[in-house]
Amino acid sequence: SVAEGSEVGKAELRRLFERGTVYADRWTGEIRSRLDVPDPLSEVVAEALGSKRSVVLAGNAGDGKSHLAQRALDRLPTRSCIEVTSDSLCPNPVPPEAIIFIRDASALSNAAVLDTTAATLSAGATLLMTINEGPLSSLAQIAPSSVFPSLRDALHRRAIGDSETQDDRFLIIN
């Protein structure tokens, strides 16, 4: 069995994950580590964050956005990560070397998301945000001079198969 460290069990499960029959993001990081399941997206996100490129993970509830963000953060060498929540808003001033992490934009007010995003980008800090597509569209509508319209438009172009040009400061994953 996998729990006992059987190489046959590990290999079988690894093949299931790689075929897409089972989704690795539904299992704990500990189980994934023990199974040695490849996680190429977390490396892509970690590389972007490591090079001070902001990352927006968009999608539906339960898609694994927060899990992917946390796995990527776990891959980074020690670096200041400040999580913004309704109980802990964005610091003022924003430390330029920090990663500002909005784990779930829908858990914050629109004003808090807009203020945090603007403060982070103007300080030259790195933004990591997980957001559902509904709140992303709402933010794009209420703040047309923010980054949200271009993020929404890039996702829409991608969804219909058009080539996209996106802001080089952002890696957008959905």
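### What to know about the packing of helix α3 (residues 40-50) against helix α4 (residues 65-75)
The axes of two packed helices give the description: the angle between them and the distance between them. α4 packs onto α3 with a crossing angle of 60 degrees between their chain directions and a minimal axis gap of 8 Å. By the criterion of interaxial angle, the relationship of α3 to α4 is oblique. Note that α3 runs across α4; the crossing there is right-handed. On α4, the residues that touch Leu41, Ser42, Glu43, Val45, Ala46 and Leu49 of α3 are Leu68, Arg71, Ala72, Leu73 and Arg75. Residue composition of the contact of α3 with α4, grouped by class: seven nonpolar, one polar and three charged.

### Structural notes on the environment of Ile100
Tracing the backbone through its elements, the reader meets Ile100 in strand β3 (residues 99-102). Overall, the relative accessible area of 0% leaves Ile100 in the buried class. Along the sequence, Ile100 and Ser54 sit 46 residues apart, while their C-alpha atoms lie 9.3 Å from each other. If sequence neighbours within four positions are ignored, Ile100 has contacts with Ile82, Val84, Cys90, Pro91, Val94, Thr116, Thr120, Thr126, Leu127 and Leu128.

### Details of the pairing of strand β4 (residues 126-132)
For β4, the tally of buried residues reaches six of seven residues, placing the bulk of the element in the interior. Of the pairings in the sheet, the one linking strand β1 (residues 54-59) to β4 comprises five bridges and is parallel in character. Residue pairing across strands places Val55 opposite Leu128, the latter belonging to β4. Pairing geometry for β3 and β4, over four bridges, is parallel. The residue bridging Ile100 from the neighbouring strand is Leu127, located in β4. Handedness of the crossover is the feature at issue here: the chain leaves β3, passes through helix α5 (residues 110-123), returns alongside β4, and the resulting connection is right-handed.

### Some remarks on α3
It helps to recall that an α-helix has 3.6 residues per turn; residues three or four apart then point in one direction. Every buried residue belonging to α3 is among Ser42, Val45, Ala46, Ala48 and Leu49, and all of these are buried. End-on, the buried residues of α3 take up no more than an arc of 160 degrees, which puts them together on one face. Those residues of α3 that are exposed and angled more than 90 degrees off the buried face are Pro40, Glu47 and Gly50. Turning to α3, the residues buried within the fold contact β1, α4, β3, β4 and β5 (170-173). At the C-terminal side of α3, Lys52 shows a positive phi close to 65 degrees.

The rules behind each value
Residues numbered from 1 in each chain as written. Predicted model: local features only at pLDDT ≥ 70, side-chain atom pairs only at ≥ 80, totals over all residues. Heavy atoms only, no water. Axes fitted to C-alpha atoms, helices over the stretch in contact; angles between N-to-C directions. Helix = DSSP H or I, 4+ residues; strand = E, 2+ residues; numbered from the N terminus. Parallel < 35°, antiparallel > 145°, perpendicular 65-115°, else oblique. Left-handed = near helix turned anticlockwise from the far one by under 90°. Contact = heavy atoms within 4.5 Å. Nonpolar A, V, L, I, M, F, W, Y, C, P; charged D, E, K, R; others polar. Buried < 20%, exposed > 50% of the residue type's maximum accessible area, 1.4 Å probe, protein only. Pairing = 2+ DSSP bridges. Right-handed = clockwise from strand over helix to strand, strands pointing away. Arc of directions from axis to C-beta.

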